[in-house]
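Here's the letter readout for the chains.
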Amino acid sequence: NKGISDSFLSSVYDEKLLEALKIRLGIDKPYLLTVGFWRSYSNLINLIRAFNLFRNRYNTDNQLVIVGKPDGQEDAIRQVITELGLGSHVILVGYVDESDLPLLYRGAKLYINPALDDGFGSTVLEAMACGLPVISSNAGSVAEICGSDNVVYFDAQDITNMAEAMHHVFDDDKLSKELSARGEAQAQAYTW
């Protein structure tokens, strides 16, 4: 049985706490968020490359915040960030305290699930419960859980396709709001 903890469902949050958290983490621009374990199937290197393409092609200034416990991939990930000159634009947060996570979701503009293989995808539902528009790879069972109309899907292996999905939602307020509302409704089905 899968469910989302109540802390993600409350739309009431403290702006001051969020601001303090952003300052602490070095977030000073609108940001895209991904949360999960750093494994090769997490597809973070493709995500970072797609984010770079999104920033350059659509001339947009924002940050990518990656939450999760680093593993053997960390060096390769840091190398790509350096190579692409994204030092201040990609923020590797590492592990985040349970109480800070709902705030991070609430402060973001867009949630991205780049995984090549996803078991349940509870982070996607947490993001939806927080009212975040979601883009996701079409891998695993995400579409079954999230529904086909509530998320914009992309091919996880295709960096251009992923960058286009970022642009499609990030830069379209109307679509962003629609996805946010539909996602919140969908997430209600997975509360405890």
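Analysis parameters
- Residues numbered from 1 in each chain as written.
- Predicted model: local features only at pLDDT ≥ 70, side-chain atom pairs only at ≥ 80, totals over all residues.
- Heavy atoms only, no water.
- Pairing = 2+ DSSP bridges.
- Helix = DSSP H or I, 4+ residues; strand = E, 2+ residues; numbered from the N terminus.
- Axes fitted to C-alpha atoms, helices over the stretch in contact; angles between N-to-C directions.
- Contact = heavy atoms within 4.5 Å.
- Buried < 20%, exposed > 50% of the residue type's maximum accessible area, 1.4 Å probe, protein only.
- Arc of directions from axis to C-beta.
- Polar contact = N/O pair within 3.5 Å; in protein donor to acceptor, adjacent residues only side chain to side chain.
- Disulfide = S-S within 2.5 Å.
- Core = buried A, V, L, I, M, F, W, Y, C linked by side-chain atoms within 4.5 Å.
- Salt bridge = Lys/Arg side-chain N within 4 Å of Asp/Glu carboxyl O.

(A) Quick peek at the sheet that holds strand 2 (residues 63–67). Strand order in the open sheet made by the six strands is 3-2-1-4-5-6, with parallel pairing throughout. With partners counted over all chains shown, the strands left at the sheet margins are strand 3 (90–94) and strand 6 (152–154), one partner each. Averaged over all pairs of adjacent strands, the angle between their axes in this sheet comes to 20 degrees, without regard to strand direction. With five bridges joining them, strand 1 (residues 31–35) and strand 2 adopt parallel strand pairing. Within the sheet, the bridge partner assigned to T34 lies in strand 2 and is I66. On the sheet, helix 5 (residues 122–129) packs against strand 1, strand 4 (110–113) and strand 5 (134–137) and is oriented at approximately 170 degrees with respect to strand 4.

(B) Highlighting the side chain of E126. Tracing the backbone through its elements, the reader meets E126 in helix 5. On the basis of relative accessible area, E126 is assigned to the buried category, the value being 14%. Excluding residues within four positions of it along the chain, E126 makes contact with I4, F8, L101 and Y105.

(C) Structural context of helix 1 (residues 15–25). Listed in full, the buried residues belonging to helix 1 are L18, L21 and K22. Buried residues of helix 1, seen end-on, are gathered within an arc of 100 degrees and therefore sit on one face of the element. Facing away from the buried side of helix 1, by more than 90 degrees, are the exposed residues K16, L17, I23 and R24. Elements that come into contact with the buried residues of helix 1 comprise strand 1 and helix 4 (101–107). Put simply, D14 is the residue that caps the front of helix 1, since its side-chain oxygen is 2.8 Å from the backbone nitrogen of K16.

(D) The arrangement of the side chain of Q63 in detail. Residue placement: Q63 occurs in strand 2. A distance of 3.0 Å separates a polar atom in the side chain of Q63 from the backbone nitrogen of K29. Leave out the neighbours within four places in its chain, and Q63 touches G26, I27, D28, K29, P30, Y31, L32, F51, S88, H89 and I91.

(E) Representation of the state of the cysteines. Counted by the stated rule, this structure contains zero disulfides. C146 supplies the cysteine sulfur nearest to C130, a cysteine that is in no disulfide, at a spacing of 14 Å. You can call C130 buried: its relative accessible area is 6%.

(F) Structural context of the nonpolar core. Ranked by size, the top nonpolar core spans 32 residues in total, and within it Y31, L33, V65, V67, Y105, Y111 and M128 carry the most contacts. For this core, the elements supplying multiple residues, two or more each, are helix 1, strand 1, strand 2, strand 3, helix 4, helix 5 and helix 6 (142–146). At five residues, helix 5 tops the list of elements feeding residues into this core. Discounting chain neighbours no more than four positions away, the residues touching L33 are V65, V67, L104, Y105, A108, L110, Y111 and I112. Among the nonpolar cores identified, the runner-up in size contains 28 residues, and L32, V80, A165 and L175 belong to it.

(G) Representation of the pattern of salt bridges. Evaluated as defined, the whole model comprises nine salt bridges. Of the charged contacts, one joins K22 and E19 as a salt bridge, the two residues approaching to 3.6 Å between their closest N and O atoms. In this pair, K22 and E19 are both assigned in helix 1, three residues apart and thus about one turn of the helix distant. The exposure class assigned to K22 is buried, which follows from its relative accessible area of 16%. Measuring nitrogen to oxygen at the nearest pair gives 2.7 Å for the salt bridge that ties E74 to R78. Of the two residues, E74 and R78 both sit in helix 3 (residues 74–83), four residues apart, roughly one turn of that helix. E74 sits in the partly exposed class, given a relative accessible area of 23%. Accessibility expressed as a relative area gives 42% for R78, which makes it partly exposed. Linked by salt bridges that have partners in common, K174, E178 and R182 make up one network.

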